[in-house]
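# Coordinate analysis (summary)
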Amino acid sequence: MATVWSGQGHTLTLIVFLWCAVGGEANTGVSELGSSTRIFGMRLERSDKPAMTTDDGVIQVTEESNILIRVYGLHIVPDSTALIQFIEQDNDDDHSVTVSTPFNRTCAERTKDIIIKSNMNVSGQGTSGVLSLKIKPLRKSEPNKMYGMCVKDSQDGRWYLIGEDDGWLRVVEEKTSLLPMWFQIILIACLLVLSGMFSGLNLGLMALDPMELRIVQSCGTEKEKRYAAKIEPIRRKGNYLLCSLLLGNVLVNTTLTILLDDLIGSGIGAVVASTIGIVIFGEIVPQALCSRHGLAVGANTIMVTKFFMLLTFPLSWPISKLLDCVLGQEIGTVYNREKLVGMLKVTEPYNDLVKEELNMIQGALELRTKTVEDVMTPISDCFMINSDAVLDFNTMSEIMESGYTRIPVYEDEKSNIVDILYVKDLAFVDPDDCTTLKTITKFYLHPVHFVFHDTKLDSMLEEFKKGKSHLAIVQKVNNEGEGDPFYEVLGLVTLEDVIEEIIKSEILDESDLYTDNRNRKKVAPNKNKRDFSAFKHESESKVKISPQLLLAAHRFLATEVSLFSPAQISDKVLLRILRHADVIQEIKFNDSDKRSPQHYVYQRGKPVDFFVLILQGRVEVEAGNENMKFETGPFSYYGVMALSAPTLEFRSPSHLGGLNRSSSMSGPDRAESLSISGSNNQLNSSSTSTSPQYTPDFYVRALSDVQFVKITRSQYQTGLVASRLDSTPQSPESSHGRLADPAMPSDPAPSTAPPDHGPDETSLLLVDETNSLPAQTANHHSQTDNNI
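Residues numbered from 1 in each chain as written. Predicted model: local features only at pLDDT ≥ 70, side-chain atom pairs only at ≥ 80, totals over all residues. Heavy atoms only, no water.

Moving on: the overall build of the chain. Of regular secondary structure, the chain possesses 23 helices and 31 strands. Counting across all 788 residues of the chain, residues that qualify as buried make up 43%. Pairs at least 24 apart in sequence give 70% of the contacts found in the chain among residues at least 6 apart. Surface summary for the chain: the accessible area is close to 43200 Å², and the carbon and sulfur share equals 56%. (Helix = DSSP H or I, 4+ residues; strand = E, 2+ residues; numbered from the N terminus. Buried < 20%, exposed > 50% of the residue type's maximum accessible area, 1.4 Å probe, protein only. Contact = heavy atoms within 4.5 Å. Areas by Shrake-Rupley, 256 points an atom, 1.4 Å probe, with all protein chains shown as cover.)

Structure representation (structure tokens):
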């Protein structure tokens, strides 16, 4: 019930009290004016239904209500109700009374819609009274009705309408609820549930694109497969599903707001209540749930979704078709290579992939984005072999220790790769044969595979899979600077490099020296590193030459140098001498120090006791008082007199051999005459006095890398002894005598030597290697051992 005081009521009350104050005596006034009651206006006192006084002073009540109004005037008595009646007025949409309405206008026929129920309850002074009214229902066609209050004049008996706003009463239609309250509450709860369902499905189902549903159907759990199979048919109609869910959500939210407004009766209250309910129960909670369990929620509410899709079909289906035409078919989320790698990295803490699996997947995805230049081994770090190398024990040991199965072969410089050597190609190669590398590579002719530096790793892997080669040479076109462009070799790439890039890890075996070819990080020292020196013969030459060159040196010494003629040293003994470990030597030329002492083979005034035959390389000879210089090459020899046990100091170099052989500074006849006697004298006199040494008066200096034969006097004399032992005939008696008394020498040649002086260790080596002598020769060997 609403009671509102208007400004006009206060004014009227003030006028009434002023009127009473200036009037005559109270008792005589009431009795005298009792017959002339005056009513000036009214105000709302009470109502059993919604009622109010508007800003214009008009009293507004509800139909079928009982109201109490207070009337103001003079000389009001309880029977004054007979002087009051109401008449109908035209409806005013502006809720205000026309100002031009005249006061005390004659009233027309009184209305029966307002009934005065009883006498008036008058105040003590007769200036106001409370009147009880009964408002009847309005007609169905009238939402509201205006009534005016008329007062009867006691003098002329006529009815006059109270003017201005003090006598107006508006009756409005009673507001009724659309539905019963209990039903509205249940319906509002259901609408909140539907609002939450639509909002959650909109997020949950639309987030499951068709591609993801196919993936779940193929690789999910059994429950996920069932859920995906239910959702996938309607999810294919993406725009139709979206329009249906959105229309259903809007319909539910709008209905909810209307019901709340009807239930609360206040627009602002309905808006606040609906906003809070929709946000909490229709958006936040369902979307938080469906964002994590959208598949299960969507599958369990699939029938409700289909029902609303059918219900909203007339509106949602045309809109969805329009969207299909404008936006095109929905494909779903498709990840490219970069996005897949990023997704794997971001989801690493949550997926069940181990780090190795993640690295393999990432490496395989990044294979197409990397080039061979990113994984190759630079040419400076590659193990390579010169094509002029000799496959002796040292070379083959170096190959085995490297641990590589495919080795590039270069010519002149490392950037000029001409062949590929496979370690299996060395299966039938004997290190003692000193076979040249070119012989092997020309026999097998392995193809050399060249690729450009910008070749992608996936293309490189396809090439390796063809089986042509698992090693490729990386090159690029160098067009920098002046001149024509040329191919520049950058490095090597192997199948192992590509696989390591895929698995994002280094593949190490027992022969690897580095864990990472790019960073050159060495592996931990291998205690079980293989040492191939156990297979090396003790007497094997430190410097290896080819069998052809060894044979050429042998024939040259036997035919061109008289001291090594078959008459002095047999061919077998000479060959053993050449195969001795210290006979073949070499000098590595140092360009930075050309006058290094290591470059000199002979020096003027420095005594020597060895003979030299140049096999490869160039030397410079400086001789004579005039210091004449000339260069010589292969098969020039020096120091013949150092082997013939001279008694004088020789002042000239020996024979120079080669294609252009020069005459010796000393006569060969003298060397030949001294060869046999000199060797015997040297052997016999070694125990009594030191033999004179040969002092050259010339220099022999290497001008490049030089390989030469160096035979010392002791080696030569041991060869003489071995040759005589091989050529001396033996009898069974003498042989038996040696066996009985090994200390008694029977050969006249070595008989002059003391028992405690004989051939040195080299002699024993050469004698023991003789496997073609008769049994008598073996007895001489035994005697020689006893002499030592």
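On to the layout of surface pockets. By volume, the largest pocket amounts to about 760 Å³. If you go around the largest pocket, you meet 27 residues; those closest to its centre are Leu-208, Glu-212, Ile-215, Val-216 and Glu-224. Of the residues forming the lining of the largest pocket, the biggest block, 7 residues, is contributed by helix 7 (residues 267–300). Split by residue class, the lining of the largest pocket holds 15 nonpolar, 8 polar and 4 charged. (1 Å grid on protein atoms, 1.4 Å probe; cavity = no way out; pocket = protein on both sides within 12 Å on 5 of 7 lines; lining within 4 Å. Points joined across faces, edges and corners; volume = space filled by probe spheres on them. Nonpolar A, V, L, I, M, F, W, Y, C, P; charged D, E, K, R; others polar.)

Our focus in this paragraph is the packing of aromatic side chains. Summed over all chains, the structure comprises 18 aromatic pairs. Taken together, a centroid distance of 5.0 Å and an interplanar angle of 90° make the contact between Phe-443 and Tyr-444 edge-to-face. The exposure class of Phe-443 is exposed, given its relative accessible area of 64%. Judged by its relative accessible area of 31%, Tyr-444 falls in the partly exposed class. With centroids separated by 6.5 Å and ring planes inclined at 40°, the aromatic side chains of Tyr-638 and Phe-698 adopt a geometry described as tilted. Taken together, the positions of Tyr-638 in strand 29 (residues 637–638) and Phe-698 in strand 30 (residues 698–702) put the pair 60 residues apart, joining distant regions of the chain. Here Tyr-638 and Phe-698 have matching classes, each one buried. An aromatic cluster is defined as three or more aromatic residues linked by ring pairs; in this entry it consists of Phe-556, Phe-564, Phe-611, Phe-635, Tyr-637 and Tyr-716. One Lys or Arg, Arg-406, reaches over the ring of Tyr-422 and ends 5.2 Å from the middle of that ring. Here the guanidinium or amino end of Lys-710 rests over the ring plane of Phe-610, the centre of that ring lying 4.4 Å away. (Phe/Tyr/Trp six-rings, centres within 6.5 Å; stacked < 30°, edge-to-face > 60°. Lys NZ or Arg CZ within 6 Å of the ring centre and 35° of its normal.)

Within the largest apolar cluster, 30 residues are counted, with the highest numbers of intra-cluster contacts made by Leu-557, Phe-564, Phe-611 and Leu-613. Among the elements of the structure, helix 17 (547–560), helix 18 (571–578), strand 26 (610–616), strand 31 (706–712) and helix 20 (713–727) are those that each provide at least two residues to this core. A per-element tally of this core places helix 17 first, with 6 residues. The next biggest cluster of nonpolar side chains, apart from the first, holds 28 residues, and it includes Leu-192, Met-197, Leu-241 and Leu-256. (Core = buried A, V, L, I, M, F, W, Y, C linked by side-chain atoms within 4.5 Å.)

Here we take up the pattern of salt bridges. Under the counting rule described, the total for this entry stands at 20 salt bridges. Of the charged contacts, one joins Asp-458 and Arg-368 as a salt bridge, the two residues approaching to 3.1 Å between their closest N and O atoms. With a gap of 90 residues between them, Asp-458 in helix 15 (residues 457–465) and Arg-368 in the loop between helix 11 (355–365) and helix 12 (372–375) connect regions that are remote in the sequence. For Arg-368, a relative accessible area of 48% corresponds to the partly exposed category. Arg-701 serves as the salt-bridge partner of Glu-620, at 2.9 Å between the closest nitrogen and oxygen. In this pair, Glu-620 is assigned in strand 27 (residues 619–623) and Arg-701 in strand 30, connecting sequence segments 81 residues apart. We classify Glu-620 as buried; its relative accessible area is 14%. (Salt bridge = Lys/Arg side-chain N within 4 Å of Asp/Glu carboxyl O.)

With that settled, consider a nonpolar patch on the surface. On the surface, a nonpolar cluster with roughly 750 Å² of combined accessible area is contributed by Ile-268, Val-272, Ile-276, Val-279, Ile-280, Phe-281, Ile-284 and Val-285. Mapping Ile-268 onto the fold places it in helix 7. Owing to a relative accessible area of 68%, Ile-268 belongs among the exposed residues under this scheme. (Patch = residues over 30% accessible without salt bridge, like charges linked within 9 Å, V, L, I, M, F, W, Y side chains within 5 Å.)

Once that is clear, we can look at the pairing of strand 20 (residues 471–478). Among the 8 residues of strand 20, 6 are classified as buried, and the element is accordingly described as predominantly covered. The sheet contact formed by strand 19 (residues 450–452) and strand 20 spans 3 bridges and is parallel. What sits directly across from Phe-450, in strand 20, is Ile-473. As a crossover connection, the stretch from strand 19 through helix 15 into strand 20 is right-handed. By the bridge criterion, 8 bridges tie strand 20 to strand 21 (residues 486–494) in an arrangement that is antiparallel. By the bridge assignment, Val-477 is partnered in strand 21 with Tyr-487. (Pairing = 2+ DSSP bridges. Right-handed = clockwise from strand over helix to strand, strands pointing away.)

With that settled, consider unusual backbone geometry. Of note, Lys-504 is a non-glycine position whose phi angle comes to about 55°, a positive value. Look at Asn-627: it is not a glycine, yet its phi comes out positive at around 55°. Looking at the secondary structure, you find Asn-627 in the loop between strand 27 and strand 28 (628–632).

Taken in spatial order, the 4 strands line up as 24-31-26-29 in an open sheet, and their pairing is antiparallel. Edge positions in the open sheet fall to strand 24 (584–587) and strand 29, since each of these has one partner strand only. Note that strand 26 and strand 29 share 2 bridges and pair antiparallel. In the sheet register, Val-612 faces strand 29, and the bridge partner there is Tyr-638.

It is worth spelling out the packing of helix 17 against helix 18 at this point. Contact geometry of helix 17 with helix 18 gives a least axis separation of 10 Å together with a crossing angle of 130°. Comparing their axes, helix 18 and helix 17 come out oblique. Along this stretch, helix 17 crosses helix 18, giving a crossing that reads as right-handed. Contacts between helix 17 and helix 18 involve Leu-550, Ala-553, His-554, Arg-555, Leu-557 and Ala-558 from the first element and Asp-571, Leu-574, Leu-575 and Leu-578 from the second. Per-class residue counts for the contact of helix 17 with helix 18 are 7 nonpolar, 1 polar and 2 charged. (Axes fitted to C-alpha atoms, helices over the stretch in contact; angles between N-to-C directions. Parallel < 35°, antiparallel > 145°, perpendicular 65-115°, else oblique. Left-handed = near helix turned anticlockwise from the far one by under 90°.)

The N-to-C vectors of helix 4 (residues 210–219) and helix 5 (residues 222–235) enclose an angle of 150°; their axes lie 8 Å apart at closest approach. In terms of orientation, helix 4 and helix 5 fall into the roughly antiparallel class. The chirality of how helix 4 crosses helix 5 is left-handed. For the pair helix 4 and helix 5, contact is made by Pro-210, Leu-213, Arg-214, Val-216, Gln-217, Ser-218 and Cys-219 and by Glu-224, Lys-225, Ala-228, Ala-229, Ile-231, Glu-232 and Arg-235, respectively. Residue composition of the contact of helix 4 with helix 5, by class: 7 nonpolar, 2 polar and 5 charged.

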